[in-house]
Amino acid sequence: MKFILASASPRRKEILSEFGYNFDVVNSKFSEKGNYDSPVDTVVENAKGKALCVFNALSEKIKRRSAVIGADTVVCFNGKILGKPQSSEEAKAVLSGLSGKEHFVYTGYAIITEERSFIGYDKSKVVFNLLSDDLIEEYVATGSPLDKAGSYGIQDGFDLVNRVEGSIYNVIGFPIEKVKPFLDELKSK
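Residue numbers here run from 1 along each chain, matching the order of that chain's written sequence. Where totals are concerned, whole chains, interfaces and linings use all residues; where local detail is concerned, this predicted model gives features only for residues with pLDDT of at least 70, and gives and counts side-chain atom pairs only at 80 or more. No hydrogens and no water enter the side-chain calculation; it runs on all heavy atoms of the structure.

Visitor: Help me understand the overall build of the protein, please; the structure alone is not making it clear to me.
Guide: A run of H or I in DSSP becomes a helix once it reaches four residues, and a run of E becomes a strand once it reaches two; helices and strands are each numbered from the N terminus. Scanning the protein from terminus to terminus reveals 7 helices and 7 strands. For the protein, the succession of helices and strands along the chain, N to C, is β-α-β-α-α-β-β-α-β-β-α-β-α-α. Counting only C-alpha atoms and orienting by the principal axes, one finds that the protein spans roughly 55 × 30 × 25 Å. Should any heavy atoms of two residues lie within 4.5 Å, those residues are considered in contact. A fraction of 67% describes how many contacts in the protein between residues 6 or more apart in sequence connect residues 24 or more apart.

See the structure below:
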């Protein structure tokens, strides 16, 4: 079975590689939708849309032996979905708002094959440290927050997070623990 990651996310590529999966990358042309009725609906529908967009573009011959992996991650704070910031100022405001508080990270996943699909999500609770203005300025100056939901990456090496309840891989952007059994089953075919 050939795996195809329907994402250009370097974090998802790193996680899949770390766990020993070989895969091709085909960036999905699916336009992510904003807020569905809930963060769960948002990430699941976006993950499914990304995977199906790539899967449907494959030739019939390739479809028969391929599994397309889609994923989408959002941060939810005080009932509001936080996407990727549009500017450095927005990233600073988001980080200031998250400082010392808890929020939730949802990642939807969809693995599509010709015979069946595996679709779901994971949820992790993240509690931030109290962040100084200097730390926020220094972090945002790296540019890293600008391509991440919620304006941060837990893996970026800054002391942002006090604790995570749930999967850290989910917070990074791909809940490998949830999908690994299905991927391993496909890999063995």
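Visitor: Would you take a moment to explain the nonpolar core for this structure?
Guide: Side chains of nonpolar character tend, in soluble globular proteins, to be buried together. Counting 40 residues, the largest nonpolar core has Leu16, Phe128, Tyr152, Phe174, Ile176 and Leu183 as its most contacted members. Nonpolar core, defined: a set of buried Ala, Val, Leu, Ile, Met, Phe, Trp, Tyr and Cys residues in which side-chain atoms within 4.5 Å join the residues together. Only protein chains enter the accessibility calculation, which uses a 1.4 Å probe; a residue is then buried when its area is under 20% of its type maximum, exposed when over 50%, and partly exposed in between. Core analysis: the next-biggest nonpolar cluster, separate from the first, contains 10 residues, Ala47, Ala51, Val54 and Phe55 among them.

Visitor: Which parts of the structure should I look at to understand the pattern of salt bridges?
Guide: Side-chain pairs of opposite charge can arise whenever the charged atoms involved come near each other. Within this document, salt bridges are pairs made up of a side-chain nitrogen of Lys or Arg and a carboxyl oxygen of Asp or Glu, the two lying within 4 Å of each other. Evaluated as defined, the whole model comprises 16 salt bridges. Put simply, Glu165 and Arg163 hold a salt bridge, and the shortest N to O gap is 3.2 Å. Since its relative accessible area comes to 39%, Arg163 is described here as partly exposed. In the salt-bridge network here, residues are joined through shared partners; they are Arg11, Asp147, Lys148 and Asp156.

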